[in-house]
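Residue-level structural notes
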Amino acid sequence: MKILFLGDVMGRAGRRAVTENLPRLRSEWKLDFIVVNAENATSGMGLSGSHAKTLLDAGADCLTLGDHAFDQKDMLQFIEQEPRVIRPLNFSKTAPGKGSRLFTTQNGRKVLVAQALGQVFMKRPFDDPFSALEPVLKTHPRGGMAQAVIVDFHCEATSEKMAMGHFCDGRASLVAGTHTHVPTADAMVLPGGTGYLTDAGMCGDYNSVIGMEKTEPLRRFITGMPKDRFTPANGDATLSGVYIETDDRTGAATRIAMVRNGGLLETAGP
């Protein structure tokens, strides 16, 4: 399979980049499955139902969330009605929606998508992500029940993300880190055949401070005092993420490539 994973969609600029480019990339790269982290798609804080529909209509097969999963209150109901939206497994025991799902592609292949939140440096204490993922990986063996297994690890610390990559090696087809909005340069296939990238970056305007207009973040760093609300930057956005190819028989990643398309960052892709 040919799979595309896109990092955090940031505000209007990120949504625009996805809707304008995703149909073309699906055709050009002959993509079988697309996962988009939509954690910050609505005003930089969470995802609304209407914006979820926009991204799904643009060609995303699955939307993942993160620590801002329910900042937009209508997501509490929307996620129960739309199984293509996945929230973190370890968000809360009472959270609506599911933290993993087995999808069927248009050509009948099965793809498992699961998401977990990290614990290190996060603002809220979340349950252990490793024990949350373990039963999901056990019940959906790579190359067995699922031709591909994708894990979105929404996490601050690079060390915790790397640990998750090794924890999933041989069991996942891809472990992609999200949350920091800064793409890392370590795309690789681990010894057990798991594609890995510490952070997929964001789909947003990089002429910013991690997707936000620069003025208010700079003021707070320089003076230590807030004045205005953060607002997402709305210039030309870069689609940022990772592309993998997998072996249907084993579910292993056979190829991995960083993805950067449009905007300020240097172009990269398969």
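Just above sits the structure.
Summarised in this report is the structure supplied together with it. These numbers were taken from a predicted model, which means no experiment stands behind them. (Residues numbered from 1 in each chain as written. Predicted model: local features only at pLDDT ≥ 70, side-chain atom pairs only at ≥ 80, totals over all residues. Heavy atoms only, no water.)

**As for helix α1 (residues 11-28)**
Taking 1.5 Å as the rise per residue, α1 with 18 residues should run 26 Å; its terminal C-alpha atoms sit 26 Å apart, in good agreement. The largest bend along α1 measures about 40 degrees and falls at Asn21, with the proline Pro23 one to four residues further on. Within α1 the residues assigned to the buried category are Gly11, Ala13, Gly14, Arg15, Ala17, Val18, Asn21, Leu22 and Leu25. Directly beyond the C-terminal end of α1, a positive phi value near 55 degrees is found at Lys30. (Helix = DSSP H or I, 4+ residues; strand = E, 2+ residues; numbered from the N terminus. Expected span 1.5 Å × (residues − 1). Bend = angle between axes of the 7 residues up to and from the residue. Buried < 20%, exposed > 50% of the residue type's maximum accessible area, 1.4 Å probe, protein only.)

**Let's talk about the nonpolar core**
Core analysis: the largest hydrophobic core is formed by 39 residues, its most contacted members being Leu4, Leu22, Val36, Leu47, Leu63 and Met75. Breaking this core down by element, the ones donating at least two residues are β1 (2-6), α1, β3 (33-37), α2 (49-57), α3 (75-81), β13 (239-246) and β14 (253-261). With sequence-adjacent residues up to four places away left out, Met75 is seen in contact with Leu47, Ser48, Gly49, Ala52, Leu65, Ala69, Phe70 and Val85. Counting residues in each nonpolar core, the second largest holds 20 residues, with Met1, Cys62, Leu197 and Ala200 among its members. (Core = buried A, V, L, I, M, F, W, Y, C linked by side-chain atoms within 4.5 Å. Contact = heavy atoms within 4.5 Å.)

**Topic: the layout of surface pockets**
By rolling a water-sized probe across the atoms, one finds the places where empty space is left. Each pocket or cavity is described by its volume, and for the largest pocket that value is around 930 Å³. If you go around the largest pocket, you meet 29 residues; those closest to its centre are Met45, His68, Lys123, Met212 and Phe230. Top contributing element to the lining of the largest pocket by residue count: helix α6 (residues 215-223), with 3 residues. Each residue belonging to the lining of the largest pocket can be placed in one class, and the counts come to 12 nonpolar, 9 polar and 8 charged. Empty space within the second largest pocket amounts to approximately 210 Å³. A total of 3 residues in the lining of the second largest pocket trace back to one element, the largest contributor, which is strand β6 (residues 100-104). Residue composition of the lining of the second largest pocket, grouped by class: 4 nonpolar, 4 polar and 5 charged. (1 Å grid on protein atoms, 1.4 Å probe; cavity = no way out; pocket = protein on both sides within 12 Å on 5 of 7 lines; lining within 4 Å. Points joined across faces, edges and corners; volume = space filled by probe spheres on them. Nonpolar A, V, L, I, M, F, W, Y, C, P; charged D, E, K, R; others polar.)

**What to know about the pattern of salt bridges**
Evaluation of the coordinates by the stated rule reveals 13 salt bridges. The salt bridge involving Arg109 is made with Asp248; its shortest N-O contact spans 2.7 Å. Pair noted here: Arg109 is in the loop between β6 and β7 (110-117) and Asp248 is in the loop between β13 and β14, with a separation of 139 residues, a long-range link. Residue Arg109 is classed as partly exposed on the basis of its relative accessible area, which comes to 23%. Put simply, Arg219 and Asp228 hold a salt bridge, and the shortest N to O gap is 3.9 Å. Its relative accessible area of 23% is what places Arg219 among the partly exposed residues. A single salt-bridge network, built from bridges that share partners, covers Glu216, Arg219, Arg220 and Asp228. (Salt bridge = Lys/Arg side-chain N within 4 Å of Asp/Glu carboxyl O.)

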